[in-house]
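Inside the fold
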Amino acid sequence: MRKITPLFALLFLVLALRSQTPPITYAHDVAPIIRENCASCHRPGESGPFSLLTYEDVRKHARQIATVTASRFTPPWLPESGHGDFDGEKRLSDAQIRTIADWVKSGMPEGEASTEPTLPPAPDAWQLGPPDLILKAAQPFSLPADGPDVFWNFVFSPTLIGPRYVRAVEIRAGSKRLVHHANLIVDRMNAGRKLEPQPGAGFGGMDLNIQYSVFDPPGHFLFWKPGSAPYIEPEGFAWRLQPGNDLILNAHLQPSGKPELVEPSIGLYFTDKAPTQFPLLIQLEHDGALNIPAGTRDFPISDDFRLPMDVDVLAVYPHAHYLGKLLEAYATLPNGTREWLIRIPDWDQNWQAVYRYRKPVFLPAGTLVSMRWHYDNTSTNPRNPNQPPKRVRAGNNATDEMGHLWLQVLPHDHRDRRRELEEAVMQHRLQKYPDDYASYLDLGELKLSRLDLQGAVSVLQMAVRVDPKQSQGHNMLGAAFTRVGRGQEAVQQFETALKLDAGNVNARYNLVFALLKAGEFSAAEGNLAQVVEAFPKDASLHNL
């Protein structure tokens, strides 16, 4: 009898174990993958075109699922692996993709239903429970049956007795089949109302440049897309909502083939704890360089911003339109080391998202943060809305282009240094756009608040030089002259402001005090009477 060698014995053992490997089944192997990565959208009432909650649901679409997962078309996840470590990553592993493919090839056996993971709970009316305040759109938007995508802005005006601190926002889009994604913007200056043709009607536009106070710049991403869970701000990160503030929901709507109404609502969840952490949103962009000739396969734009302080990067939000192809964002540390923030090799604006890092990315002062966008304006770009291609420039319409990268950063020492950071951002913008009147105005206001009085005078002089016909620029320059003791020049600037806009009450109020200080009491009295007429119930004015 032939003796079995140890090598043959090992081979027999491997073959025996392989023969005992249980078959791949839906219940044991495939259902956990589908439930974790697909069911949040592919279920009744959500945005997916069909449900994937049961074995029969998945079996009907199994071959399609195998194809789209093998190509990594779905689950939709744009960032390239190894270029940023993001929370909630929706990326199937090679092993998971292989499991789905092998299951389909084996005939799609169901397996023991008792081994299936528990079905995800049906979404409640509000995922976070009853909100502290519910805001409803003043009137629905009538979405046409067909045509291009629509970007519509709903203006909400909360009724508040006093300031509140918001720890979470839940957006109910009205119909998740119609709303592809949305951004919520805090409008403290009521700029959105001025764009509405009538109160409550809303207004169109893809991207908004809503004016904000330089003393309270935006610091939070309030982004929503179907299937995403509401984001609860960490302890200390609640944001303030004041009486009179508006909220604007900028919604990307997609026609369904029949006329439908879109009527969103917003749930606000409050906390009594005032914020102790003050992040800032830093925008890298260079839309001024966007002028993409038809037929251009690779059109690049770039922007680089040097950090003035140590920061922790908490999240990143890239944004471009249909011609965007490649995004690269990275940080070059002071020692020359490059650290990737995000890389998207095949941009698709239909799947844009806010990406939050699992752990904050520390970047020391002096780090150069870089954004590189590349665009494809050829007929071979399947997302190009123009066939044949045509020249595309920067703009707010869907068929225009943009190239943005927003970073949510927190000063590493956790102090409130938003004004310092915002000043550096404005100075960077003026390096790109030296004729940007609004940035000079905002920078001058910031310098005044930080007691850089001579710096404020210099910047505001540039503002009125760039655009001498703007009343507010002269008013601000007058205020700066007042602070440095140049009274006569201050009076001249206030008077110029009022010649340009006699209704600029703030300039007239400032002129009153400048005239009093100069001893011109009669002129001051005449101007004060006009201020009192504008604010008859202000007791402090009557006491002057």
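Provided above is the structure to which this section pertains.
Quick summary incoming for the structure in this document. Predicted model only: the values in this text are computed from it and were never measured.

**Quick notes on the overall build of the protein**
- On a plain count of helices and strands, the protein comes out with 13 helices and 21 strands.
- The dimensions of the protein, computed from C-alpha atoms along their principal axes, are 125 × 55 × 55 Å.
- Split into buried and exposed, the 544 residues of the protein put 47% on the buried side.
- For the protein, long-range pairs separated by at least 24 residues make up 76% of all intrachain contacts whose partners lie at least 6 apart in sequence.
- When the accessible surface of the protein is split by element, carbon and sulfur atoms take 53% of a total near 27000 Å².

**What about the pairing of strand β21 (residues 403–411)?**
- β21 sits mainly inside the fold: 8 of its 9 residues count as buried.
- Looking at chain direction, strand β12 (residues 280–285) and β21 are connected through 6 bridges and run antiparallel. Residue Q283 lies in a different strand from β21, and its bridge partner there is W406.
- Where strand β15 (residues 311–320) lies against β21, 9 bridges are found, and the strand directions are antiparallel. Residue pairing across strands places A315 opposite Q408, the latter belonging to β21.

**Things to note about the packing of helix α6 (residues 418–432) against helix α7 (residues 437–449)**
- Contact geometry of α6 with α7 gives a least axis separation of 10 Å together with a crossing angle of 150°. It follows from the interaxial angle that α6 and α7 lie roughly antiparallel. The two elements α6 and α7 meet at a crossing, and its hand is left-handed. Two secondary-structure elements touch here, α6 through R419, E422, E423, M426, Q427, R429 and L430 and α7 through S439, Y440, D442, L443, L446, K447 and S449.
- Taken together, the residues of the contact of α6 with α7 break down into 5 nonpolar, 3 polar and 6 charged.

**Some details on the sheet that holds strand β4 (residues 164–172)**
- Here we have 4 strands laid out as an open sheet, ordered β1-β11-β4-β8, and antiparallel in their pairing. Edge strands, defined here as strands with exactly one partner in the open sheet, are β1 (133–136) and β8 (239–241). For this sheet, the mean inter-axis angle between neighbouring strands, taken without regard to orientation, is 45°.
- With 7 bridges connecting them, β4 and strand β11 (residues 265–271) associate as antiparallel partners. Bridged to V166 within β11 is F270.

Reading the values: rules and limits
- Residues numbered from 1 in each chain as written.
- Predicted model: local features only at pLDDT ≥ 70, side-chain atom pairs only at ≥ 80, totals over all residues.
- Heavy atoms only, no water.
- Helix = DSSP H or I, 4+ residues; strand = E, 2+ residues; numbered from the N terminus.
- Buried < 20%, exposed > 50% of the residue type's maximum accessible area, 1.4 Å probe, protein only.
- Contact = heavy atoms within 4.5 Å.
- Areas by Shrake-Rupley, 256 points an atom, 1.4 Å probe, with all protein chains shown as cover.
- Pairing = 2+ DSSP bridges.
- Axes fitted to C-alpha atoms, helices over the stretch in contact; angles between N-to-C directions.
- Parallel < 35°, antiparallel > 145°, perpendicular 65-115°, else oblique.
- Left-handed = near helix turned anticlockwise from the far one by under 90°.
- Nonpolar A, V, L, I, M, F, W, Y, C, P; charged D, E, K, R; others polar.

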